[in-house]
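Spelled out, the chains give:
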2 protein chains.
Amino acid sequence: MERTEINSLGEFGLIDHLTRNNETRQASTILSVGDDAAVIDTFGKQTVVSTDLLIEGIHFDLMYTPLKHLGYKSVVVNLSDIYAMNAVPTQITISIAFSNRFSVEALDEFYEGVYAACEKYNVDLIGGDTSSSQKGFIISVTALGEVVPDKFVTRKGAQKGDLICVTGFLGGAFLGLTLLEREKKIYLENPGVQPDLENESYIVGRLLKPEAQKEAIQFLQDNDIMPTSMMDVSDGLSSEIIHICRQSQCGAVIYEDKLPIHEDSRMFAYKLELDPTMCALNGGEDYELVFTIKQEDYEKMVLNENISVIGYITEDIEKTKIITKGGNTYDLKAQGWNHSK
Amino acid sequence: MERTEINSLGEFGLIDHLTRNNETRQASTILSVGDDAAVIDTFGKQTVVSTDLLIEGIHFDLMYTPLKHLGYKSVVVNLSDIYAMNAVPTQITISIAFSNRFSVEALDEFYEGVYAACEKYNVDLIGGDTSSSQKGFIISVTALGEVVPDKFVTRKGAQKGDLICVTGFLGGAFLGLTLLEREKKIYLENPGVQPDLENESYIVGRLLKPEAQKEAIQFLQDNDIMPTSMMDVSDGLSSEIIHICRQSQCGAVIYEDKLPIHEDSRMFAYKLELDPTMCALNGGEDYELVFTIKQEDYEKMVLNENISVIGYITEDIEKTKIITKGGNTYDLKAQGWNHSK
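Residues numbered from 1 in each chain as written. Chains lettered and ligands numbered in written order. Predicted model: local features only at pLDDT ≥ 70, side-chain atom pairs only at ≥ 80, totals over all residues. Heavy atoms only, no water.

Per an unreviewed UniProt entry, chain A is named Thiamine-monophosphate kinase, and its organism is Polluticaenibacter yanchengensis. UniProt, in its Function (unreviewed entry) section for chain A, records the words "Catalyzes the ATP-dependent phosphorylation of thiamine-monophosphate (TMP) to form thiamine-pyrophosphate (TPP), the active form of vitamin B1." (UniProt positions renumbered as here; feature names shortened; annotations may be inferred.)

Right, dumping it as structure tokens:
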């Protein structure tokens, strides 16, 4: 593969190169990449802003993460935060820092993923920064979105009797990570062995190429459902439900048999002798949405096969419970649940 | 000095700790730190967005940069980009990553500087991210600002006959860096010797605690002056003028004797046998503004003692010249000027 040294382009040349095919899709993008700052016209809407920092060796492992997927995921995890506010993402800025082991071709691959995400989610890349790093690859993304004034949804509004809903499936990304870490270990001990991930493309895809919940937010708007609270599942369902309960000053009960677990995840969990329920509760990085709705919206919600109703909100402040298939009740913990009760 | 391990607080505890005194100053900040994203109401204005990544060992040296100053500067350099659009900064997000050599007290110092800058420039800290790093301290700041619709100023509008103006003084930060790097070298070779910077507080301050040009933008608005192009001086005056000329498809002539150089900078340059003019043209990080105005605004401009008119725009595309005190004409280069002509 060809290798072009980044120094051969210079900083401005590199930025020109990386943004040469950058398209503008949003009417609100008045001025994009190439000046001191970008300019956005929000036409009377409110602006939603979220930011994330992703560090090689902490948030991702380039040994098994293709750069294109990394670019895609870096954007998606930020858009996920915007959707979690009941808003629609419109623009991103992306800054990267890289050591001299990276070539222009490597950065191109990364940006291919960034642009693919921009296209899929209809957002504009409007700015950023490029820099050297002393070690590793560093990514900072800021996403902007728009929301009809005061229609944003925080973590604070859940109330007694509200139903707890979750999009898609849970636990897959954690199982994908477990598989890739296992294969990495085997490879490091025995570099001749090529890892075979063919049969586990579902869980590997969940980790390496997550999607943000654009359709769910569209569904809520189309059906005139205003969640009372919402957040995205990045740390794990238990942790997020505990958050919502703490901020909303309420409790929650969820049912083990309602947790949406993909068949491929369940099978792979069994293979590793892991409990699929524990993976669904505590595995992070699924980038699904967990939200609460008023009971009267239940009839509308069941129309959507991609959304599961998994429990309800109680008035017991910060008491978060799971009722198992066997009928036992345990406290939810940010890491596993506590068998002492 | 006390040392609290960051792990003792946990990630959410750390964020609570660092943002416990966070105040909201802007009416447009509808929702601040603590949810998936922040929400801003722009009340019919346009939003301006800029972002920067600052990496230890590349952009700053903690050996001679107090963390409080670093926090302050990290904010200021971003606000500088917002002012350079003729906009007023309103909000920032700040993300940091740090290795385990940092304590809670160290991060507190950094945030003291961040909050001091927020207060001085009347901006709200509305979000961010904290993370571990494998090595060193990493900072990512995104600044948002507002501007009356279509009153933003880019690098593209300079036209023949326009006057080139610059705020404040140039070259000081570069001389401060030169001094600190020299003292660092002496100290490393001879750790017993304490560096004495007492007499050079001006140039050291220019590097470690720069300010953004809030008053200049206020002056332009108060006096109804709309620059035809503008950018901030982060890479060096020559480089910025070349940029404006390339983007505006014009040329420029500036006069050596009009370059604003502080007396302390001039003295210290002589001491090091450096040419003060070269420091002013090529030293970066001054965070002054360079901009162009129509000739008819000249009478208003001279009322401001903090702004110097240093030259004019020509129609010779990308021809950028300096006329020396001795009457010679040289090409401006991004690094020094070319004596070959």
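Colleague: In this structure, what is going on with the interface of chain A and chain B? I would like to understand it.
Modeller: Frequently, the measure chosen for interface size is the accessible area that the parts lose on association. Of the residues lining the interface, 57 residues belong to chain A; the matching set on chain B comes to 56 residues. Interface of chain A and chain B: buried area, both sides summed, is about 4,400 Å²; carbon and sulfur atoms make up 56% of it. At the surface where chain A touches chain B, the tally comes to four salt bridges. The salt bridge partner of Asp36 of chain B is Arg155 of chain A, with a shortest N-O separation of 3.1 Å. The interface formed by chain A and chain B holds 17 residue pairs in polar contact (both at pLDDT 80 or more) in total. Here the element with the most residues in the side of chain A that touches chain B is strand 3 (residues 46–55) of chain A; it accounts for nine residues. Of the residues contributing to the side of chain A that touches chain B, the split by class is 24 nonpolar, 20 polar and 13 charged. Across four bridges, strand 3 of chain A lies against strand 2 (residues 38–41) of chain B in antiparallel orientation. (Contact = heavy atoms within 4.5 Å. Buried area = accessible area lost by both parts, 1.4 Å probe. Salt bridge = Lys/Arg side-chain N within 4 Å of Asp/Glu carboxyl O. Polar contact = N/O pair within 3.5 Å; in protein donor to acceptor, adjacent residues only side chain to side chain. Helix = DSSP H or I, 4+ residues; strand = E, 2+ residues; numbered from the N terminus. Nonpolar A, V, L, I, M, F, W, Y, C, P; charged D, E, K, R; others polar. Pairing = 2+ DSSP bridges.)

Colleague: I tried to follow the pattern of salt bridges on my own but got confused; where do I start?
Modeller: A side chain of one charge can pair with a side chain of the opposite charge when the charged atoms of the two come close. Scanning the model with the defined rule gives 38 salt bridges over all chains in all. Across the salt bridge formed by Arg155 of chain B and Asp35 of chain A, the nearest N and O atoms sit 3.5 Å from each other. Remark: Asp35 of chain A occurs in the loop between strand 1 (29–31) and strand 2 (38–41) and Arg155 of chain B occurs in the loop between strand 6 (138–147) and strand 7 (163–167); the pair is interchain, linking two chains. On the basis of relative accessibility, which here comes to 9%, the residue Arg155 of chain B falls in the buried class. According to the relative accessible area criterion, Asp35 of chain A is buried, its value standing at 14%. We note a salt bridge from Asp61 of chain B to Lys184 of chain B, for which the minimum N-O separation is 2.4 Å. Here the residue Asp61 of chain B occupies a position in the loop between strand 3 (46–55) and helix 2 (67–83), and Lys184 of chain B occupies one in helix 4 (residues 172–189), the gap between them amounting to 123 residues. Under the relative-accessibility criterion, Asp61 of chain B is labelled buried at 16%. Each of the salt bridges in this network shares a partner with another, and the network as a whole consists of Asp35 and Asp36 of chain A together with Arg155 of chain B. (Buried < 20%, exposed > 50% of the residue type's maximum accessible area, 1.4 Å probe, protein only.)

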